[in-house]
Amino acid sequence: MKSAVETLNPTRVRLSIEVPFEELKDSLDAAYKKINQQVTVKGFRKGKIPARIIDQRFGRGAVLEEAVNDALPKFYTDAVNESELNVLGQPEVDITELKDGETLNFTAEVDIRPTIEIPDYSGIEVEVDAVEVGEEDIDKAVEELRERFASTSPVERAAEEGDVVTLDLEAKVDGEVLEDGVASGVSYTIGSGELLEGVDDAVTGLEAGGEATFASELKGGSAAGKESEVTVKVTQVAKRELPELDDDFAQLASEFDTLEELRADSRKRLENMKQYDQATQAQERVLEKLLELVEVPVPEKLLEDEINTRKHNLEHHQLGQMGLDLARYLEIQGQTAEEFEAETKEAAVKGIKTQFVLDELVNKEKLNVNQEELTEHLMRRAASSNMSPDQFAQQVVEGGQVPLLVGEVARGKALAVVVEAATVKDTNGEIVDLDDDEDEDEVSAEGSTEEAAEGATDAPEASQEKNEA
C-alpha cells in the first residue's frame, strides 16, 4: 500500500491511497466466505460453494464490493497512522479506481486537528474582584438563616404581604379546566414571587374562605406559555414569626453557643465562597487572554456538529424539562432566532478552540492524569449528575467515556498551569494567590470555567480521534 497526503486547508486533508490487488486477498477470502453462508446453490452444500460458481451466479462485482467494504477501514487507518495524522470524525471516501486483479485506488477527505503554536503565556495579567465581606453581607446571611427557622401561626384576618397562605387553585384555558390545572393545599408566602404572576394581588386582603379570579400566563404543564383564568381560594392565613437574634437562636440554628460565634462563622463561609468565585473568575479571564494569544483554525464539520449538539441538548433536554419550546424560550429571553444562532455559534467556536489549546498544552507540558485525580473528578461528576459514584462509573465505562473524563482532568490541569504562571490582581491592586484553591482544575473544554460535568458527554469530543472509514 502507498499513500500520500494533500493539505486542503489547516484543518482538512485528502489521503490518496493505492492498494495492490494482492493485499486484498484476505478481504476477498472473507467476502467469499460471507456470501457462502448467505446463499444456496443447488448441488452444493451451504458454505461449500466454489468461488467460480459464486462469480458465475452472483457476479464478481458483488464479491469485489464486499471485499472492498471490508478492506477500506484497515487501509485508511494504516494510511492515517503512517502519516501521523490526528483525524477528527469520519472521512469522506471516494473509490477512484478498482481494477480486478490489479489495483484499488481511493481517496479519503477528513478533518484533522490543526497545528497550534502555544506562545509564552507567562506575561498574562488579569484583574478579578477583591474578596471583601462587610457587616451588611453577614447581616444578610444571618437573616436568611433566620428566615429558615421562622414559625407560622394561623390568624383570623385578611392576608398581608409576608403571610403564609394555604391555597386551592384552578386554571382554565379557553373556558376549560386543565387536567393538570387543579391544585389543593398549596402553601405560599405572599410576595415571594414563587407562584403565578398576579397571585399576590389576588390573595392580598382575602381572609380564610375568600376567593378571587385573575389572569396569568402559565409557567409549566400542558398549557405552558398560554394565558389562563385562575381561580384561587384562601383556606388559611398564617403569620410568619421570626426568632429573636440572640444566643438562643445561634444554638437553635447552628453548632455555636453564641450569636457572635455564628456571625464569625458566616463571615468565614462568605469569604470562602468569594474566594471560590474569585478563582473561577481568574480562570475565565486567564483563558480568554490565552485564547487571544493563539491562532486556532476551527474545522467546519466539527463546528457544525458542536452547534447542532448544543441546540439539541437545549431543546430536547433543558427546555423539555421546563415545559418550553425554543420559540417560547427565545421570547422569554428577548432574543431573536438570528441572535440565538450567533450566540450558539460563538459559544461553540470558543469551546472547540479552548479544547484544542488546552489539549496542546497537555502535550507541551507533558501532563498526566493519575488514578486518584480521575477518581476525584468522577466523584464530582457523579455528585453534579445526582448519581452515586458507582452508578456514574458504570455509566461511564459502559458508554466508553473514560477517555473523555481523562481528557477533562488533563485540560483542567493544563489551565491550572497557565493560571499559576499568570499575574492575577484584585480590584484593590493586590496580588491574588490561587495556589490553595482546590477547585481551580475543574475546567471544561466546552466553555471557559464551567466544571467538567457541564455537557462534556453530550458535545462532540474534538480530542477523540476516529480512524475508522
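Rules behind the numbers
Residues numbered from 1 in each chain as written. Predicted model: local features only at pLDDT ≥ 70, side-chain atom pairs only at ≥ 80, totals over all residues. Heavy atoms only, no water. Pairing = 2+ DSSP bridges. Helix = DSSP H or I, 4+ residues; strand = E, 2+ residues; numbered from the N terminus. Axes fitted to C-alpha atoms, helices over the stretch in contact; angles between N-to-C directions. Salt bridge = Lys/Arg side-chain N within 4 Å of Asp/Glu carboxyl O. Buried < 20%, exposed > 50% of the residue type's maximum accessible area, 1.4 Å probe, protein only. Polar contact = N/O pair within 3.5 Å; in protein donor to acceptor, adjacent residues only side chain to side chain. Contact = heavy atoms within 4.5 Å. UniProt positions renumbered as here; feature names shortened; annotations may be inferred. Patch = residues over 30% accessible without salt bridge, like charges linked within 9 Å, V, L, I, M, F, W, Y side chains within 5 Å. Areas by Shrake-Rupley, 256 points an atom, 1.4 Å probe, with all protein chains shown as cover. Lys, Arg positive; Asp, Glu negative; His and termini not counted. Charge placed at Lys NZ, Arg CZ, Asp CG, Glu CD. Parallel < 35°, antiparallel > 145°, perpendicular 65-115°, else oblique. Nonpolar A, V, L, I, M, F, W, Y, C, P; charged D, E, K, R; others polar. Domains from an automatic or database assignment. Core = buried A, V, L, I, M, F, W, Y, C linked by side-chain atoms within 4.5 Å.

Another aspect to go through is the sheet that holds strand E2 (residues 12-20). Judged by pairing direction, the sheet is antiparallel, and its four strands sit side by side in the order E1-E2-E4-E3 without closing on themselves. The sheet is open, and its two borders are formed by strand E1 (2-9) and strand E3 (87-99), each paired with just one other strand. Taken over all neighbouring pairs, the strand axes of this sheet differ in orientation by 20 degrees on average, direction set aside. With seven bridges joining them, E1 and E2 adopt antiparallel strand pairing. Looking across to E2, one finds that Thr-7 is bridged to Val-13.

It is worth spelling out the pattern of salt bridges at this point. Summed over the entire model, instances satisfying the criterion amount to 30 salt bridges. Between Glu-341 and Lys-311 there is a salt bridge, and its shortest N-O distance comes to 2.9 Å. Pair noted here: Glu-341 is in helix H10 (residues 337-364) and Lys-311 is in helix H8 (residues 300-321), with a separation of 30 residues, a long-range link. With a relative accessible area of 36%, Glu-341 lands in the partly exposed category. Using a relative accessible area of 18% as the deciding quantity, one classes Lys-311 as buried. Through salt bridges that share partners, Glu-6, Arg-12, Arg-14, Glu-92, Glu-109 and Asp-111 make up one connected network.

Quick look at unusual backbone geometry now. With a phi close to 55 degrees, Asp-174 is a non-glycine residue in the positive phi region. In this structure, Asp-174 sits in the loop between strand E7 (164-173) and strand E8 (176-189). On the basis of relative accessibility, which here comes to 77%, the residue Asp-174 falls in the exposed class. Residue Lys-366 is not a glycine yet carries a positive backbone phi of 55 degrees. Considering the arrangement of structural elements, one finds Lys-366 in the loop between H10 and helix H11 (371-384).

What follows deals with the environment of Thr-103. Along the chain, Thr-103 falls in strand E4 (residues 103-112). For Thr-103 and Glu-18, which are 85 residues apart along the polypeptide, the C-alpha to C-alpha distance reads 7.1 Å. At 3.2 Å, the side chain of Thr-103 and the side chain of Asn-105 are in polar contact.

With respect to the secondary-structure elements, Lys-413 resides in helix H13 (residues 402-421). Lys-413 gets classed as buried once you look at its relative accessible area, which sits at 19%. A distance of 2.6 Å separates a polar side-chain atom of Lys-413 from the backbone oxygen of Asn-368.

Further remarks concern the side chain of Thr-11. As for its placement among the helices and strands, Thr-11 is situated in the loop between E1 and E2. You can call Thr-11 buried: its relative accessible area is 7%. Not counting the four nearest positions on each side in its chain, Thr-11 is found in contact with Val-110, Asp-111, Ile-112, Pro-114, Pro-297, Val-298 and Pro-299.

This part is about the UniProt feature "domain: PPIase FKBP-type" (unreviewed entry) in the protein chain. Residues given the UniProt feature "domain: PPIase FKBP-type" (unreviewed entry) here are residues 162-214. Secondary structure across residues 162-214 comprises 9% helix and 53% strand; the distance between its end C-alpha atoms is 20 Å.

The next subject is the pairing of E3. Looking at chain direction, E3 and E4 are connected through nine bridges and run antiparallel. Looking at the pairing, Ile-95 lines up with Phe-106 of E4.

Our next topic: a negative patch on the surface. A cluster of like negative charges, contributed by Asp-247, Asp-248, Asp-257, Glu-260 and Glu-261, occupies part of the molecular surface. Of all the secondary structure elements, the ones that give two or more residues to the negative patch are helix H6 (247-253) and helix H7 (259-293). Here Asp-247 lies in helix H6.

Moving on: the packing of helix H4 (residues 135-148) against H7. Between two packed helices, the angle of one axis relative to the other and the distance separating the axes together describe the packing. Packing of H4 against H7 leaves a shortest axis separation of 9 Å and a crossing angle of 110 degrees. As judged from the angle between their axes, H4 and H7 are roughly perpendicular. Contacts from Glu-135, Asp-137, Ile-138, Asp-139, Ala-141, Val-142 and Leu-145 in H4 reach Leu-262, Arg-263, Ser-266, Arg-267, Leu-270 and Lys-274 in H7. Split into classes, the residues belonging to the contact of H4 with H7 amount to six nonpolar, one polar and six charged.

Now for the domain arrangement of the protein chain. When its domains are assigned, the protein chain resolves into domain 1 (2-111), domain 2 (151-241) and domain 3 (259-426). On a C-alpha basis, the centres of domain 1 and domain 2 stand 70 Å from each other.

Further remarks concern the nonpolar core. Where a protein is soluble and globular, its nonpolar side chains tend to be buried together. Counting 36 residues, the largest nonpolar core has Ile-124, Leu-290, Val-357 and Leu-361 as the members making the most contacts within it. Contributions of two or more residues to this core are made by strand E5 (125-128), H7, H8, H10 and H13. It is H10 that contributes the most residues to this core, seven residues altogether. Beyond its immediate stretch of four places on either side in the chain, Ile-124 contacts Val-286, Lys-289, Leu-290, Leu-293, Val-418, Ala-422 and Thr-423. Grouped together as the second largest cluster of nonpolar side chains are 32 residues, Ile-17, Val-41, Leu-72 and Ala-108 included.

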